[in-house]
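Survey of secondary and tertiary structure
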Amino acid sequence: MGLLTIIRKNRQKEHEMRILFLGLDNAGKTTILKKLNKEDISGISPTLGFNIKTFVHDRYTLNIWDVGGQRMLRPYWRNYFEQTDAIVWVVDSGDRFRMQDCKEELHSLLTEDRLSGASLLVFANKQDIEGSMTSEEICEALDLKAIRTHQWKIFSCSAVTGQNLLAGLNWVVGEVANRLYYSTT
Amino acid sequence: MSETNQTLIQQFYTSFQASRSDLTSRLESLKSEGSPSADVLNEITLEISQLRKKLTDAVAYLPSYDQRQYESHIKAIEKLLSEIRASSSSKSKFSFKRKQPVQSPSPVVAAPSIMPADTKLSLSAPQSSGRILSGRSNEYLTTSSLPTSSTASDLTLTNLDHCVVNLVNAGLVDVDQQTKITALHVRDVSNSIVILPSTIDGSAMFHNITKCTIVLGCHQFRMHTSNQVHVYLAISSSPIIEHCSNISFASYPAVLCNNGREREMASKASNHDSVQDFSHIRPTPSPNWNILRTEMQVKDSDWPVSPVGDKIENILSLLLPH
């Protein structure tokens, strides 16, 4: 390993971000992640436990943690909170019955001290399904406007078509970059 | 540093749990004996406040989630104590007074299951603009029961009781167009047979299903808080059950397929037998589901694929899980 490699590696390490994907089960967290990483999305099983993906986006190395959203797994979310730079909250836009549940989980998540300061990206997923709620309706249903503790933004998207996934990721990475690496950029 | 914290957290946990169970058991026994002396109660009050002080001292190293847990435990103990106080101070003979906790949950539970369509509308979030079948009982429902105006591709079935829902409509020309489903939500359905195509192009969510037979093919299958259900399933990922009991799985019956694509989806290698039970994350097999034995399965000729008229009750009693 030459000096240059070492410097590059160090440089890259500096530009690491830790992003946590959370949301109720059936929201499409794993599917979004696989789509972003250009993997096959047809045979995804519901997540028992978690997945980790690392990939480079812009000049940043993203460590993405995708944790299962089944009710039984939600108490374990807190094990992943440490040093999180950004939260990506994924919502199934077609699941009108559980919007209340979704809202409660999100707001209780945001009271967590270890997540204070983390940027929040809300993905209103499954927009490819006709009859889904729009991002405005979801913004209302989740009472996002009440969030004062975190920088947040909502993007409508579709994991199946890939629509808007990159736009959302760009926003959250830019947001974290401004906060963490302001001096170096 | 973190290691010492770990030990401290562990120690705190042990000592807290010990005092908590001690206090709770003493309070419980006082409660059943009735009319405790003021001295005993004062002593317990003192111990609770000592416990609270310990918790306050430990705040420095306890994770906030744990703090909240401990806090709620202490609150519960205090509540128990104040209940006993209240009952012992009043002169009347000891009796259990718990009006609120018993009454408040019951309307919440009862409302969705008893009240049909219109109350449900106000209860749940904005209704889907998509295709929805809701609040029916003792009916045979087909694609013609669905609102025709909607172009939505999601399907919602809620509040059905003693129904046969058959959306694999034999004989229709543009079957795919009519019944294209990309998301399925099923909620509060009981004593019903639900037959759906093997070609659902998305995920399926089932919630609160009781004593039903369900047939479908989909990408992902999740079932929550359900009981006594037979599922005939064509699926490429692992089905999930959570808070369920008595669920049996079988493969999608080929006889219900109407075209090549449906047959193809139904006959593909299926994972209906590799169910994951999220309420039983252990190496031992889950007691909550099993494979439906062939002799227990509905016979090919018995599927109610055409309207059954007023024989619906007979058919249900014959085909539903016993």
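All values reported here derive from a predicted model rather than from experimental measurement. (Residues numbered from 1 in each chain as written. Chains lettered and ligands numbered in written order. Predicted model: local features only at pLDDT ≥ 70, side-chain atom pairs only at ≥ 80, totals over all residues. Heavy atoms only, no water.)

1. Here we look at the overall build of chain A
Heads up, the rule is: Runs of E in the DSSP output that reach at least two residues are strands. Runs of H or I that reach at least four are helices, and both are numbered from the N terminus. Pairs of residues are marked as contacts when any of their non-hydrogen atoms sit within 4.5 Å. Only the protein chains shown count as cover for residues, with accessible areas throughout obtained via the Shrake-Rupley method and a probe of 1.4 Å.
Regarding its fold elements, chain A presents 5 helices and 6 strands. Going residue by residue from the N terminus, the α and β elements of chain A occur as α-β-α-β-β-β-α-β-α-β-α. Sequence-distant contacts in chain A: of pairs separated by 6 or more residues, those separated by 24 or more amount to 72%. For chain A, the exposed surface amounts to about 8,500 Å²; the carbon and sulfur share of it is 50%.

2. Focus: the interface of chain B and chain A
Selection criterion: By convention, the term buried area covers the 1.4 Å-probe accessible surface removed from two parts as they join, with the contributions of both added. The working definition used for a salt bridge is a side-chain nitrogen of Lys or Arg within 4 Å of a carboxyl oxygen of Asp or Glu. Classification convention: Asp, Glu, Lys, Arg as charged; Ala, Val, Leu, Ile, Met, Phe, Trp, Tyr, Cys, Pro as nonpolar; all other residues, Gly among them, as polar.
The partner chain A presents 28 residues to the 36 residues of chain B that form the contact. Of the roughly 2,800 Å² buried between chain B and chain A, counting both surfaces, carbon and sulfur atoms make up 54%. Across the pair arginine 78 of chain A and aspartate 66 of chain B runs a salt bridge whose closest N-O atoms are separated by 3.4 Å. Elements represented by at least two residues in the side of chain B that touches chain A include exactly α3 (64-89), β3 (154-161), β5 (183-190), β7 (203-218), β8 (220-224) and β10 (240-242) of chain B. Residue contributions to the side of chain B that touches chain A peak at 4 residues, all from α3 of chain B. Across the side of chain B that touches chain A, the residue classes break down as 9 nonpolar, 20 polar and 7 charged.

3. Thoughts on the UniProt feature "binding site: Mg(2+)" (unreviewed entry) in chain A
The condition is simple: UniProt positions are given in the numbering used here, feature names are shortened, and annotations may be inferred rather than shown by experiment. As used in this structure description, the phrase polar contact means that two N or O atoms lie within 3.5 Å; if the pair is within protein, one of them must be able to donate a hydrogen and the other to accept it, and residues adjacent in sequence are counted only when both atoms belong to side chains.
UniProt tags Thr30 and Thr47 of chain A as "binding site: Mg(2+)" (unreviewed entry). Across 18 residues, the annotated set stays spatially compact, with a maximum C-alpha separation of 7.5 Å. Positionally, threonine 30 of chain A belongs in helix α2 (residues 29-36). Tracing the backbone shows threonine 47 of chain A in the loop between α2 and β2 (50-57). Not counting the four nearest positions on each side in its chain, threonine 47 of chain A is found in contact with Thr30, Asp66, Gly68 and Leu73 of chain A together with Phe278 of chain B. Within polar-contact distance, the side chain of threonine 47 of chain A engages the side chain of threonine 30 of chain A at 2.8 Å.

4. Structural notes on a nonpolar patch on the surface
Residues and elements named next belong to chain A. Put simply, the rule is: Patch definition: residues above 30% relative accessible area lacking any salt bridge, with like charges linked at up to 9 Å and the nonpolar side chains Val, Leu, Ile, Met, Phe, Trp and Tyr linked at up to 5 Å. Only protein chains enter the calculation, and the probe is 1.4 Å; a residue is then buried if its accessible area is under 20% of its type maximum, exposed if over 50%, and partly exposed in between.
On the surface, a cluster of nonpolar side chains totalling about 300 Å² of accessible area is made up of Leu3, Ile6 and Ile7. Position of isoleucine 6 among the secondary structure elements: in helix α1 (residues 3-14). Using a relative accessible area of 38% as the deciding quantity, one classes isoleucine 6 as partly exposed.

5. Re the pattern of salt bridges
This structure, assessed with the given rule, holds 23 salt bridges over all chains. Note that aspartate 101 of chain A is salt-bridged to arginine 71 of chain A, the shortest N-O span being 3.0 Å. With aspartate 101 of chain A in helix α3 (residues 99-110) and arginine 71 of chain A in the loop between β3 (60-67) and β4 (86-92), the pair connects residues that are 30 residues apart, well separated along the chain. In this structure aspartate 101 of chain A comes out as buried when scored by relative accessible area, which is 17%. Among the ionic pairs, aspartate 22 of chain B bridges to arginine 26 of chain B, the shortest N-O distance being 3.0 Å.

6. Points about the packing of α2 of chain A against helix α5 (residues 165-180) of chain A
Residue and element names in this part refer to chain A. Stated formally: Lines fitted to the C-alpha atoms define the axes, with helices restricted to the stretch that makes contact. Angles between their N-to-C directions range from 0 to 180 degrees. The scheme is simple: roughly parallel for angles under 35 degrees, roughly antiparallel for over 145, roughly perpendicular for 65 to 115, oblique for anything else.
Relative to each other, α2 and α5 sit at 90 degrees, their axes nearing to 11 Å. If you check the angle between α2 and α5, you find them roughly perpendicular. Together, Ile32, Lys35 and Leu36 of α2 and Leu165, Leu166 and Leu169 of α5 make up the contact between the two elements. Grouping the amino acids of the contact of α2 with α5 by side-chain chemistry returns 5 nonpolar, no polar and 1 charged.

7. A few points about the packing of aromatic side chains
Just so we agree on the cut-off: Ring geometry is summarised as follows: Phe, Tyr and Trp rings, the Trp one being its six-membered ring, pair when their centres sit within 6.5 Å, and such pairs are stacked at plane angles under 30 degrees, edge-to-face over 60 and tilted between the two.
Using the criterion set out here, one finds 12 aromatic pairs over all chains in the structure. Residues phenylalanine 155 of chain A and tryptophan 171 of chain A carry aromatic rings whose centres are separated by 6.5 Å and whose planes lie at 45 degrees to one another, so their mutual orientation is tilted. Taken as a pair, phenylalanine 155 of chain A in strand β6 (residues 152-156) and tryptophan 171 of chain A in helix α5 lie far apart in primary sequence, 16 residues in all. By the ring-pair criterion, three or more aromatic residues cluster together here, those being Phe206, Phe221, Phe249 and Trp289 of chain B.

8. So, the nonpolar core
The criterion, for reference: Side-chain atoms within 4.5 Å link the members of a nonpolar core, which is a set of buried Ala, Val, Leu, Ile, Met, Phe, Trp, Tyr and Cys residues.
With 35 residues, the main nonpolar core has Phe206, Leu216, Phe221 and Met223 of chain B as its most contacted residues. Contributing elements (two or more residues each) for this core: β3, β5, β7, β8, β9 (227-235) and β11 (245-251) of chain B. In terms of residue count, β7 of chain B provides more of this core than any other element does, 7 residues in total. If sequence neighbours within four positions are ignored, phenylalanine 221 of chain B has contacts with Ala204, Phe206, Leu216, Val231, Leu233, Ile235, Ser238, Pro239, Ile240 and Phe249 of chain B. Formed by 28 residues, the second largest nonpolar core is a distinct cluster that contains Phe81, Trp89, Cys102 and Leu142 of chain A.

9. Points about the pairing of β5 of chain B
Residues and elements named next belong to chain B. Convention followed: By this definition, two strands are paired if DSSP reports at least two bridges between them.
Counting buried positions along β5 yields 8 of 8 residues, so the element is predominantly enclosed. In terms of strand pairing, β3 meets β5 through 7 bridges, oriented parallel. Paired with leucine 160 across the bridge in β5 is valine 189. The pairing of β5 with β7 spans 7 bridges and is parallel. Directly across from valine 189, in β7, lies its bridge partner isoleucine 209.

10. Here's the deal with the pairing of β7 of chain B
Residue and element names in this part refer to chain B. Extensive coverage of β7 is indicated by the burial of 12 of its 16 residues. The pairing of strand β6 (residues 193-195) with β7 spans 3 bridges and is parallel. Opposite isoleucine 193, over in β7, you have threonine 213 as the bridge partner. Note: β7 against β8, 5 bridges, orientation parallel.

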